[in-house]
Amino acid sequence: MKTLHPLVTAEWLAQHLDEVVVIDGSYYLATMGKNANDEFHRAHIPGALRWDIDAIADTTSDLKHMMPVADVIARAAGERGISRDTPVVIYDQLGMFSAARVWLTFKTIGHENVALLDGGLPCWQEATASGEAAAVEAVTYNAFESHTLTVDKEAVLSALSASDTFILDARAAGRFNATAPEPVAGLLSGHMPGALNIPYDQLLEADGRFKSISSLQAIFTQVGVSGDEKIITSCGSGVTASIVTFALSLLGIESKVYDGSWSEWGRPALELPVV
């Protein structure tokens with residue numbers, strides 16, 4: 001199989017299901033009241049394998065699902081039978097919420113043959129009942145690379161005073177403008193000075209599919225993104241920021257995710273600048 005298009009449809013996947021490895025990268029916020037592993041066992045695309053972003057993470061950090069080092073990612077991929085050239089399609093149970101975070105994780109080890117399922121499980125017409133998980137023969141993921149696709153708070157602090165860098169915040173407008181509370185108790189409300197708000201759901205249709213390329217272009221152009229700037233995306237904990245980063249990649253624009261995002265920046269003890 002040739003390199004996948006970065007965004008594939010449910011119809012395409014149904015025709016090529018035996019040619020790719022399908023990954024369920026679902027994640028739920030605590031406020032959503034669901035467990036992604038439990039939901040996977042209730043219903044998933046036939047042959048899909050689970051990728052838990054809280055388990056495959058930097059476990060030395062006290063922040064959730066921080067990006068692990070490349071060899072941890074490569075080992076997890078190999079355990080799922082994925083080698084360097086394996087075509088991988090990632091989806092999540094909500095349509096489009098956390099799948100882009102797993103896409104970013106694969107990009108961190110230089111895995112090029114990786115795509116998102118547009119609209120995720122809700123758009124998978126045959127997934128009305130639980131499928132069978134695939135039998136997996138582990139492999140060694142050789143010759144992986146290590147790309148720095150996330151940044152830390154020091155990089156964001158430097159970016160605040162840089163005229164050539166945009167910070168795009170994917171949280172809902174209420175959280176960005178401090179008119180709605182943060183879902184995690186104890187965090188400050190507001191946003192980083194100079195950050196721009198692009199709620200991730202503005203990039204999606206009502207069914208969870210990404211909007212057209214022209215529509216995405218218009219959204220980013222409206223806030224002044226031309227593609228010539230350096231861009232950092234942020235959100236609550238680095239999950240939906242990855243949706244913004246993926247959408248930018250569809251336009252040929254590179255960006256990096258602030259891994260700690262507001263879960264780190266909003267901690268009062270850090271005394272970071274907040275508007």
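Source: prediction; values computed, not measured. (Residues numbered from 1 in each chain as written. Predicted model: local features only at pLDDT ≥ 70, side-chain atom pairs only at ≥ 80, totals over all residues. Heavy atoms only, no water.)

(A) Geometry of empty space enclosed by the protein. Here the structure, examined in full by the defined rule, presents 1 cavity of 30 Å³ or more. Trp 51, Ile 53, Ile 56, His 65, Met 66, Met 67, Pro 68, Arg 101 and Thr 105 are the residues that line the largest cavity. Here the residues of the lining of the largest cavity are counted per class, giving 6 nonpolar, 2 polar and 1 charged. (1 Å grid on protein atoms, 1.4 Å probe; cavity = no way out; pocket = protein on both sides within 12 Å on 5 of 7 lines; lining within 4 Å. Points joined across faces, edges and corners; volume = space filled by probe spheres on them. Nonpolar A, V, L, I, M, F, W, Y, C, P; charged D, E, K, R; others polar.)

(B) Structural view of the pairing of strand S2 (residues 21–24). Residues Val 21 and Ile 23 of S2 are buried on one face, and the alternating residues Val 22 and Asp 24, pointing to the opposite face, are buried as well. As paired elements, S2 and strand S4 (residues 88–91) share 4 bridges and run parallel to each other. When the sheet's bridge partners are listed, Ile 23 is paired in S4 with Ile 90. Relative to strand S3 (residues 49–50), S2 is paired through 2 bridges, and the arrangement is parallel. For Ile 23, the partnering residue across the bridge sits in S3 and is Leu 49. In the classification by handedness, the crossover that spans S2, the intervening helix H2 (residues 36–42) and the parallel S3 is right-handed. (Buried < 20%, exposed > 50% of the residue type's maximum accessible area, 1.4 Å probe, protein only. Helix = DSSP H or I, 4+ residues; strand = E, 2+ residues; numbered from the N terminus. Pairing = 2+ DSSP bridges. Right-handed = clockwise from strand over helix to strand, strands pointing away.)

(C) A look at the packing of aromatic side chains. Per the stated rule, a full pass over the model turns up 5 aromatic pairs. With centroids separated by 5.2 Å and ring planes inclined at 45°, the aromatic side chains of Phe 210 and Phe 246 adopt a geometry described as tilted. Highlighted residues: Phe 210 in the loop between strand S8 (196–197) and helix H7 (213–222) and Phe 246 in helix H8 (residues 241–250), separated in sequence by 36 residues. Taking 6.1 Å as the distance between ring centres and 85° as the angle between the ring planes, the aromatic pair formed by Tyr 258 and Trp 265 counts as edge-to-face. Exposure class is identical for Tyr 258 and Trp 265. Each is buried. Taken together, the aromatic side chains of Trp 103, Phe 210 and Phe 246 make up a single cluster linked through ring pairs. One Lys or Arg, Arg 171, reaches over the ring of Trp 262 and ends 4.4 Å from the middle of that ring. (Phe/Tyr/Trp six-rings, centres within 6.5 Å; stacked < 30°, edge-to-face > 60°. Lys NZ or Arg CZ within 6 Å of the ring centre and 35° of its normal.)

(D) Geometry of the sheet that holds S2. Sheet architecture is open: 5 strands sit in the order S1-S5-S4-S2-S3, paired in parallel fashion. The open sheet has two free edges, formed respectively by strand S1 (7–8) and S3, since each of these has just one partner strand. One ladder, built from 3 bridges, connects S4 with strand S5 (residues 114–117); its direction is parallel. Within the sheet, the bridge partner assigned to Val 88 lies in S5 and is Val 114.

(E) Representation of the side chain of Ser 234 within the structure. Positionally, Ser 234 belongs in strand S9 (residues 230–234). Aside from chain neighbours lying at most four places away, what touches Ser 234 is Leu 168, Asp 169, Ala 170, Met 192, Ala 241, Tyr 258, Ser 261 and Trp 262. (Contact = heavy atoms within 4.5 Å.)

(F) Spatial organisation of the environment of Ser 261. Along the polypeptide, Ser 261 turns up in helix H9 (residues 261–265). A relative accessible area of 0% means that Ser 261 is categorised as buried. Residues Ser 261 and Leu 104 lie 157 residues apart in sequence; the distance between their C-alpha atoms is 15 Å. When near neighbours in sequence (up to four residues on either side) are disregarded, Ser 261 contacts Ser 234, Cys 235, Gly 236, Ser 237 and Gly 238. At 3.1 Å, the side chain of Ser 261 and the backbone nitrogen of Cys 235 are in polar contact. (Polar contact = N/O pair within 3.5 Å; in protein donor to acceptor, adjacent residues only side chain to side chain.)

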